Amino acid sequence: MTSGIPPAEQWRYDSAEFLRGRSFERKPYRLYREGWDHDHCAGCTAKFMVEPGPDILTEGWAVDATYSHGAEYEWVCPDCYDLLKDALDWTPR
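Definitions and limits used
Residues numbered from 1 in each chain as written. Predicted model: local features only at pLDDT ≥ 70, side-chain atom pairs only at ≥ 80, totals over all residues. Heavy atoms only, no water. Helix = DSSP H or I, 4+ residues; strand = E, 2+ residues; numbered from the N terminus. Buried < 20%, exposed > 50% of the residue type's maximum accessible area, 1.4 Å probe, protein only. Salt bridge = Lys/Arg side-chain N within 4 Å of Asp/Glu carboxyl O.

## Thoughts on unusual backbone geometry
Unlike most non-glycine residues, T45 shows phi in positive territory, near 70 degrees. Topologically, T45 is positioned in the loop between β2 (39-40) and β3 (47-48). Of the residues examined, T45 reaches a relative accessible area of 52% and is grouped as exposed. The residue D89 is not glycine, and still its phi comes out positive at about 55 degrees. Here D89 is to be found in the loop between α2 (78-84) and β7 (91-92).

## Let's talk about the pattern of salt bridges
Across all of its chains, the model carries eight salt bridges by this definition. Among the ionic pairs, R20 bridges to E17, the shortest N-O distance being 3.8 Å. As a salt-bridge pair, E72 and K27 come within 2.7 Å of each other at their nearest N and O atoms. Taken together, the residues E72 in the loop between β5 (59-63) and β6 (75-76) and K27 in strand β1 (residues 23-28) connect sequence positions 45 residues apart. Residue classification places E72 among the buried residues on the basis of a relative accessible area of 6%. The exposure class assigned to K27 is buried, which follows from its relative accessible area of 16%. Bridged by salt links that share partners, the residues E25, K27, R30 and E72 form one connected network.

See below:
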């Protein structure tokens, strides 16, 4: 069990741990590149899309340009960001 993460939420931590120490910016969702139509939260797999709809997120936390694939390649929903930011040493921009 990870300190500060409720046992029932450990799966979110396990899913997003690869983003440890990253910087994020809260912003409206944008497609990473042409041909892309959606992304998923790195923690809980919630769906991000440009167009709103049932169970669709249109804004969240995106990795910054220091990430190996560039800015906005990985997204985290607001709930996962709030839950995991301290445990995974995330920095807001």
